[in-house]
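An overview of the molecular structure
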Amino acid sequence: MMTLPDDFWDWVDSHADDDPSRLRLKYGAARALEILQVEARRRHRTRLAEALKLRPRLLVPTSLAPEQASSWALASWHASLVPEGSRVADLTAGLGIDLLALSGRASAVTAVERDPAVADALRYNFPDAEVVEADCRDFVASAIAAGRSFDVIFIDPARRGDKGERVYALSACSPDVAALMPDLLRLSPMVIVKASPMLDITHTLAELPACSHIYAAGTAAECKEIVAVCTRGDAPAEVPVTAVTAGMDELTFTRADEAAALPGYSVPAPGDYVYSPWPAVMKAAPYRLLCSLFAVDMLGPNTRLWTSAGLRDGFPGRAYRVDEVLPYASRHIKRYAAAHPAVGVTTRNFDIDAAALRRKLGLRGDSDRTRLFAVKGPQGEPLMITATAVD
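First, a word on what this report is: a plain description of the structure on this page. (Residues numbered from 1 in each chain as written. Predicted model: local features only at pLDDT ≥ 70, side-chain atom pairs only at ≥ 80, totals over all residues. Heavy atoms only, no water.)

1. Comments concerning empty space enclosed by the protein
Selection rule: Residues are said to line a cavity or pocket when one of their atoms sits within 4 Å of a point; the points come from a 1 Å grid over protein atoms alone, cavities being sets where a 1.4 Å probe fits but cannot get out and pockets being open sets with protein on both sides within 12 Å along at least five of seven lines. Grid points are joined across faces, edges and corners, and a volume is the space filled by probe spheres set on the points. A run of H or I in DSSP becomes a helix once it reaches four residues, and a run of E becomes a strand once it reaches two; helices and strands are each numbered from the N terminus. Any residue outside Ala, Val, Leu, Ile, Met, Phe, Trp, Tyr, Cys, Pro, Asp, Glu, Lys and Arg is labelled polar, Gly included; the first ten of those are nonpolar and the last four are charged.
All chains considered together, the criterion is met by one cavity of 30 Å³ or more. Volume-wise, the largest cavity comes out at about 40 Å³. Together, L36, E39, A40, R43, H44, S63 and P66 line the largest cavity. Broken down by element, the lining of the largest cavity gets its largest block of residues, four residues, from helix α3 (residues 32-43). When the residues that make up the lining of the largest cavity are grouped by side-chain class, the tally is three nonpolar, two polar and two charged.

2. Considering the sheet that holds strand β5 (residues 190-195)
Pairing between the strands of a sheet is mediated by backbone hydrogen bonds and can be parallel or antiparallel. Rules: DSSP-based pairing: two strands are paired if at least 2 bridges between them are found. Simply put, an axis is a line fit to the C-alpha atoms, just over the touching stretch for a helix, and the angle between two N-to-C directions goes from 0 to 180 degrees. Should any heavy atoms of two residues lie within 4.5 Å, those residues are counted as being in contact.
Spatially, β3-β2-β1-β4-β5-β7-β6-β8-β9 is the arrangement adopted by the nine strands of the open sheet, whose pairing is mixed. Edge positions in the sheet fall to β3 (130-133) and β9 (249-253), since each of these pairs with one other strand and no more. Neighbour-to-neighbour, the strand axes of the sheet open up by a mean angle of 15 degrees, direction not taken into account. As paired elements, strand β1 (residues 87-90) and strand β2 (residues 108-113) share four bridges and run parallel to each other. Bridging across to β2, D90 finds its partner in A111. Across the face of the sheet, helix α6 (residues 72-80) comes into contact with β4 (152-155), β5, β6 (211-218), β7 (223-231), β8 (241-245) and β9 while running at roughly 15 degrees to β7.

3. Remarks on the packing of aromatic side chains
The criterion, for reference: Stacked, tilted and edge-to-face are the three classes applied to pairs of Phe, Tyr and Trp rings, where Trp contributes its six-membered ring and a pair requires centres within 6.5 Å; stacked means planes under 30 degrees apart, edge-to-face means over 60, and tilted covers the rest. Burial status follows relative accessibility: with a 1.4 Å probe on protein chains alone, a residue under 20% of its type maximum counts as buried, one over 50% as exposed, and anything between as partly exposed.
Under the counting rule described, the total for this entry stands at 10 aromatic pairs. Centre to centre, the rings of W77 and Y215 are 5.1 Å apart; their planes meet at 70 degrees, and the pair counts as edge-to-face. Of this pair, W77 sits in helix α6 while Y215 sits in strand β6, and the two are 138 residues apart along the sequence. Accessibility assignment for this pair places W77 and Y215 in one class, buried. Measuring from ring centre to ring centre gives 5.1 Å for Y320 and F373, while their planes differ by 80 degrees; the resulting arrangement is edge-to-face. Of this pair, Y320 sits in strand β13 (residues 317-327) while F373 is found in strand β15 (residues 370-376), placing the two residues 53 residues apart along the sequence. The burial state of Y320 is the same as that of F373; both residues are buried. Members of the aromatic cluster, connected to one another through ring pairs, are Y275, Y287, F294, W306 and F315.

4. Comments concerning the pattern of salt bridges
A side chain of one charge can pair with a side chain of the opposite charge when the charged atoms of the two come close. Put simply, the test is: Between Lys or Arg on one side and Asp or Glu on the other, a salt bridge is scored when a side-chain nitrogen of the former is within 4 Å of a carboxyl oxygen of the latter.
Per the stated rule, a full pass over the model turns up 17 salt bridges. Salt-bridge contacts for R148 lead to E130; the nearest nitrogen and oxygen are separated by 3.0 Å. Taken as a pair, R148 in the loop between α9 (136-145) and β4 and E130 in strand β3 lie far apart in primary sequence, 18 residues in all. Take E130: its relative accessible area is 31%, and that puts it in the partly exposed class. Among the ionic pairs, R369 bridges to D391, the shortest N-O distance being 2.7 Å. Placement of R369 in the loop between α16 (354-361) and β15 and of D391 in the segment after β16 (382-389) is noted, with a sequence separation of 22 residues between them. Given a relative accessible area of 36%, R369 falls into the partly exposed group. Taken together, the shared-partner salt bridges connect R24, E39 and R43 into one network.

5. What about the pairing of strand β12 (residues 303-308)?
In terms of residue burial, β12 counts as a mostly covered element, since five of its six residues are buried. Examined bridge by bridge, strand β10 (residues 273-277) and β12 share three bridges and lie antiparallel to one another. When the bridges of β12 are listed, V274 appears paired with T307. Here strand β11 (residues 297-300) hands over to β12 after two residues, the two strands then running antiparallel side by side.

6. A closer look at the side chain of H78
Note the threshold: Under the rule applied, a polar contact is a pair of N or O atoms within 3.5 Å (in protein, one hydrogen donor and one hydrogen acceptor; residues adjacent in sequence only if both atoms are side-chain atoms).
You can see H78 is positioned in helix α6. Looking at H78, the relative accessible area reads 1%, which means it is buried. Polar contacts involving the side chain of H78 include one to the side chain of D98, which spans 2.8 Å. Once residues lying within four places of it in the same chain are set aside, the contact partners of H78 are S70, D98, F154, K194, E225 and V227.

7. Some details on the packing of α3 against helix α4 (residues 45-54)
Each pair of packed helices can be summarised by the angle the axes make with each other and by the distance between the axes. Our working rule: To sort the angles, those under 35 degrees are grouped as roughly parallel, those over 145 as roughly antiparallel, those from 65 to 115 as roughly perpendicular, and the leftovers as oblique.
Between α3 and α4, the shortest axis-to-axis distance is 6 Å and the interhelical angle comes to 110 degrees. What the angle tells us is that α3 and α4 run roughly perpendicular. In this structure, α3 contributes A40, R41, R42 and R43 to the contact, and α4 contributes R45, L48 and L52. Among the residues making up the contact of α3 with α4, the classes are represented as three nonpolar, no polar and four charged.

8. Focus: α3
Stated precisely, the cut-off is as follows: Expected helix span is given by 1.5 Å per residue-to-residue step, counting one fewer step than there are residues.
End to end, α3 covers 16 Å across 12 residues, agreeing with the expected 16 Å (1.5 Å per residue, within 8%). All buried positions along α3 are accounted for by E34, I35, L36, Q37, V38, E39, A40 and R41. For α3, the elements touching its buried residues are α1 (6-14), α2 (20-27), α4 and α5 (64-68).

By themselves, these figures tell us nothing about what the structure is for.
And the structure:
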């Protein structure tokens with residue numbers, strides 16, 4: 001197992017605020033690993049903050065490892081899917097942020113990693129874990145041959161093609177999880193697949209017939225991943241879909257629930273409220289169901305913005321109070337920038353995108369609180385709705 005002397009980390013701490021490029025010019029290869037620690041902590045300060053509180057001496061093995069690692073918020077949510085006391089195998093362990101989140105929940109952890117440098121770092125960072133340097137397909141085959149078993153398996157297939165291009169379909173990732181799934185379910189009754197947020201949920205369910213629950217998971221800013229939980233036995237006739245916004249909301253439904261819901265449509269007036277769902281909710285697509293669950297209307301059949309006369313607590317998204325509703329007409333376009341010197345722009349079901357609309361309106365200042373929603377109403381009429389975020 002790799003060991004590092006205290007003066008290694010003393011050097012990293014003493015140069016924490018230095019420019020990594022200048023450090024490379026001064027120290028070169030002699031301090032390459034130390035400089036990598038400084039650079040990773042500076043470049044990925046937000047992503048690694050919670051992990052470094054728990055493991056201040058977390059060794060980063062490559063510059064790519066933190067870029068591919070789970071955020072702490074999502075790693076904590078991943079761990080919540082695992083029953084207490086489970087024996088867990090992470091077949092694509094990487095930097096090990098998920099392992100760190102699992103450390104207080106799993107009874108035993110096996111980490112599989114094919115990159116030798118990353119596997120060495122895992123042994124250093126997680127001395128109590130079993131670390132196996134292998135391609136996960138080879139590990140699965142050998143584990144089956146040895147009669148091993150686990151309670152839960154995690155797998156996050158690589159989303160890069162042979163030429164380094166980004167890929168999304170499960171069959172194009174490495175490994176092909178759909179093809180490997182029968183063997184994974186021989187090893188464990190529960191397999192958790194982390195996949196690209198670009199995947200279509202319906203198509204993913206078709207590729208993974210053993211899926212018993214599927215999640216769209218992310219933050220308030222973006223949908224980060226699709227997570228499929230696959231289990232032995234017959235999958236439910238209606239697979240539950242859950243939109244997870246880490247640290248905030250979860251909304252679970254089925255496609256049948258969505259199909260049975262009856263939407264309403266309306267245009268808000270000043271003083272009413274509009275709601276922009278969290279990105280994971282938008283990905284999960286319970287569009288009609290939101291109307292039924294929260295007593296809100298959609299602005300139009302294809303306009304993904306919701307409205308109500310009174311504020312609806314608990315809506316899974318950000319709420320705004322409407323200041324102004326204008327038709328998208330030349331007389332208002334010409335005057336809009338003068339009346340709104342700082343405004344963010346969102347377009348939903350509109351003929352031009354947000355950047356083009358900003359240019360057309362002549363907007364210069366931006367804002368996190370005041371937002372222009374350019375949308376189409378119930379009859380397809382283009383509207384400009386200016387609203388202020390509700391704290």
